[in-house]
Amino acid sequence: MEFKVSKELIQQLEEHIVNKNDNELEVLLNDLHHADIAEILDELDFDDATYIFKVLDSDKTAEILLELEDDLRENILSRLSPKEIAEELDELETNDAADIIAELSQEIKAEVISELIDVEHAKDIVDLLRYDENSAGGLMGKELVKVNENWNVLTCVKEMRIQAENVSRVHSIYVVDDENRLKGRLSLKDLLTSSTKTQIGDVYIRKLNFVNVDTEDVEVARIMQKYDLEAIPVVDELGRLVGRITIDDIVDVIKDEADKDYQLAAGITQDVESNDSVLELTKARLPWLLIGMVIEIVASFVLKGNEQTFQKYSTLIIFVPLLSATAGNIGVQASAIVVQGLANGTLKDFSRGYFSKEISVSMISGSIISLLLLGYHSIMYQQYLVGLAISISMIVVILFAATLGTLVPLFLHKNKIDPAIATGPFITTTNDVFGIMLYFGVAKLILGF
């Protein structure tokens, strides 16, 4: 059952903090999962959260650090000495420790690394800091189990026991040569059913998926999703095994990418959270609002240029909001499906078959909407030719919106620009300008104006 933070629990904790009842705090929190404790700390003010953090053991608080909101983690770390931070990092796996250290200032970073007790752990963390955070190297951890292809099964088991002490969970057993180049993986079943004198080189599986240290995190996520992997090995330019990436790291990448795409689709240009400051939220939202304003001003000039037309045929202007809304919705729907296809790999580039399908869907939808609109206009206004002009114009605008919504994301993707930009304000505002131009252009052509 999922844990929920209650007001009663928060009140109890605050009372114990005021009275300095450290033992009572530990009793209340020690049986909770670290993610649940992080959720509790996020509900408290910085001082209370820091107090509780210092009361708990470092083997628990180290995991809590990873689950905290960024601003709270930053605040807590600022109140810890380099030695205290190092104690927390000694409890974490290398990739998680490297993520924490990367958030520190350069001066504090050096002090914290010098305070780490385990020298090998410190070396591994420093090595990971060299890689881009959005690459496989930035995601990977150094904790893994590997065996040499020249060992026999007995030697292999002995070495694995030693290595497993530093690994929280063994996802795979990797096989390397004398130069540490990745050769394959070892099945646990083959290991258990083979003679102790059998060479690993005779039983390991040569076919396995791996990524390079420079592979982008989203590509790593795609590969792991495609092949349903719990972990994937990482190699350097020489093919040497340097780390492994586990599914929990990839879940974070997928979530972050989904959040980013969702915000881009909504016209938010920066990665923001609901608890960010008013200034940060404004800076993230304002750019697309200003762009939208400029585009809509252009649309107003288009309307003004057709003033004589709608003065003669007044019902034309009445249906402009319906036209804009419908074209915007069609464009967003089309672009959203394209972006989804690009994200999950079902659509890699322009496809005539898919484009024809999208145009067909839009043609059917547009025809149904236009027929309903024609019937409504004929009943309400008895201007049959004008109603026909509006209906045909609607079909043309819908087809244009579908074309724009389909092609723009593909164009952006081809030019290495996130296609999610095309699923929000860009499509709707662009459709407004060109949609209104097409609407009046087709209507004037039919009405002979």
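All values derive from a computational prediction rather than experimental measurement.

**Q** Quick rundown of the UniProt feature "transmembrane region" (unreviewed entry) in the chain? Include the residues and the values.
**A** Per the UniProt record, "transmembrane region" (unreviewed entry) is found at residues 286-303, 315-339, 359-377, 384-412 and 424-447. Counted over residues 286-303, helix gives 100% and strand 0%. Its end C-alpha atoms are 25 Å apart. Measuring from the first to the last C-alpha atom of residues 424-447 gives 34 Å, for a span that is 96% helix and 0% strand.

**Q** Give me the packing of helix H20 (residues 320-344) against helix H21 (residues 352-381): which residues, what numbers.
**A** The description of two packed helices rests on the angle between their axes and on the distance between the axes. Here H20 crosses H21 at 155 degrees, and the two axes come no closer than 12 Å. As summarised for this structure, H20 and H21 are arranged roughly antiparallel, according to the angle between their axes. Taken as a pair, H20 and H21 cross one another with a handedness that is right-handed. Of H21, the residues touching H20 (which contributes Leu322, Thr326, Ile330, Ala334, Ile337 and Val338) are Tyr354, Glu358, Ser362, Ile369 and Leu373. Tallied by class, the residues present in the contact of H20 with H21 amount to eight nonpolar, two polar and one charged.

**Q** Lay out unusual backbone geometry in plain terms, naming residues and giving numbers.
**A** Phi at lysine 20 takes a positive value of approximately 60 degrees, unusual for a residue other than glycine. Its place among the elements puts lysine 20 in the loop between helix H1 (7-18) and helix H2 (22-29). You can call lysine 20 exposed: its relative accessible area is 54%. Even without a glycine there, the phi angle at asparagine 180 is positive, about 70 degrees. Along the chain, asparagine 180 turns up in the loop between strand E2 (173-176) and strand E3 (182-186).

**Q** Tell me what's going on with the sheet that holds E3, and back it up with residues and numbers.
**A** Within a sheet, neighbouring strands are paired by backbone hydrogen bonds and run either parallel or antiparallel to one another. Pairing is mixed in the open sheet, where three strands are placed in the order E1-E2-E3. The strands lining the two open edges of the sheet, one partner per strand, are strand E1 (145-148) and E3. Going from strand to strand, the sheet's axes swing by 35 degrees on average, the running direction of each strand aside. Inspection of the sheet shows E2 paired to E3 by four bridges, in the antiparallel sense. Bridged to tyrosine 174 within E3 is arginine 185.

**Q** Tell me about the sheet that holds strand E6 (residues 241-246), residues and numbers included.
**A** Here we have three strands laid out as an open sheet, ordered E4-E5-E6, and mixed in their pairing. The open sheet has two edge strands with one neighbour each: strand E4 (211-212) and E6. Where helix H15 (residues 217-226) meets the sheet, its contacts fall on E4, strand E5 (231-235) and E6, and the angle it forms with E5 comes to roughly 135 degrees.

**Q** Any chance you could break down H20 for me, citing the residues and the numbers?
**A** For H20, which comprises 25 residues, the first-to-last C-alpha distance of 36 Å matches the rise-based estimate of 36 Å (1.5 Å per residue) to within 8%. Taken from the residues just after H20, glycine 345 is the one with a positive phi, measuring 85 degrees.

**Q** Would you mind going over the environment of isoleucine 368 in detail, with residue names and values included?
**A** When you line up the elements, isoleucine 368 lands in helix H21. In this structure the C-alpha to C-alpha distance between isoleucine 368 and serine 391, which are 23 residues apart in sequence, comes to 9.9 Å.

**Q** Any details on the pattern of salt bridges? Residues and values, ideally.
**A** Going through the model one piece at a time under the given rule, you end up with 12 salt bridges. The partner of arginine 222 in a salt bridge is glutamate 219, and the shortest N-O contact between them spans 2.8 Å. With arginine 222 and glutamate 219 both in helix H15 and three residues apart, this pair spans about one turn of that helix. Residue glutamate 219 is classed as partly exposed on the basis of its relative accessible area of 30%. Where arginine 240 meets aspartate 236, a salt bridge forms, and the shortest distance between an N and an O atom there is 2.8 Å. With a relative accessible area of 35%, arginine 240 lands in the partly exposed category.

**Q** Lay out the UniProt feature "domain: CBS" (unreviewed entry) in the chain with the relevant residues and their values.
**A** Residues annotated in UniProt with the feature "domain: CBS" (unreviewed entry) correspond here to residues 140-203 and 204-260. Between the first and last C-alpha atoms of residues 204-260 the distance is 41 Å; the span itself is 42% helix and 23% strand.

**Q** Give me a negative patch on the surface: which residues, what numbers.
**A** On the surface, Asp57, Asp59, Glu87, Glu91, Glu107, Glu111 and Glu115 cluster together into a patch of negative charge. When residues of the negative patch are assigned to their parent elements, the largest contribution, three residues, is made by helix H9 (residues 106-115). Position of glutamate 111 among the secondary structure elements: in helix H9.

The rules behind each value
- Residues numbered from 1 in each chain as written.
- Predicted model: local features only at pLDDT ≥ 70, side-chain atom pairs only at ≥ 80, totals over all residues.
- Heavy atoms only, no water.
- UniProt positions renumbered as here; feature names shortened; annotations may be inferred.
- Helix = DSSP H or I, 4+ residues; strand = E, 2+ residues; numbered from the N terminus.
- Axes fitted to C-alpha atoms, helices over the stretch in contact; angles between N-to-C directions.
- Parallel < 35°, antiparallel > 145°, perpendicular 65-115°, else oblique.
- Left-handed = near helix turned anticlockwise from the far one by under 90°.
- Contact = heavy atoms within 4.5 Å.
- Nonpolar A, V, L, I, M, F, W, Y, C, P; charged D, E, K, R; others polar.
- Buried < 20%, exposed > 50% of the residue type's maximum accessible area, 1.4 Å probe, protein only.
- Pairing = 2+ DSSP bridges.
- Expected span 1.5 Å × (residues − 1).
- Salt bridge = Lys/Arg side-chain N within 4 Å of Asp/Glu carboxyl O.
- Patch = residues over 30% accessible without salt bridge, like charges linked within 9 Å, V, L, I, M, F, W, Y side chains within 5 Å.
- Areas by Shrake-Rupley, 256 points an atom, 1.4 Å probe, with all protein chains shown as cover.
- Lys, Arg positive; Asp, Glu negative; His and termini not counted.
- Charge placed at Lys NZ, Arg CZ, Asp CG, Glu CD.

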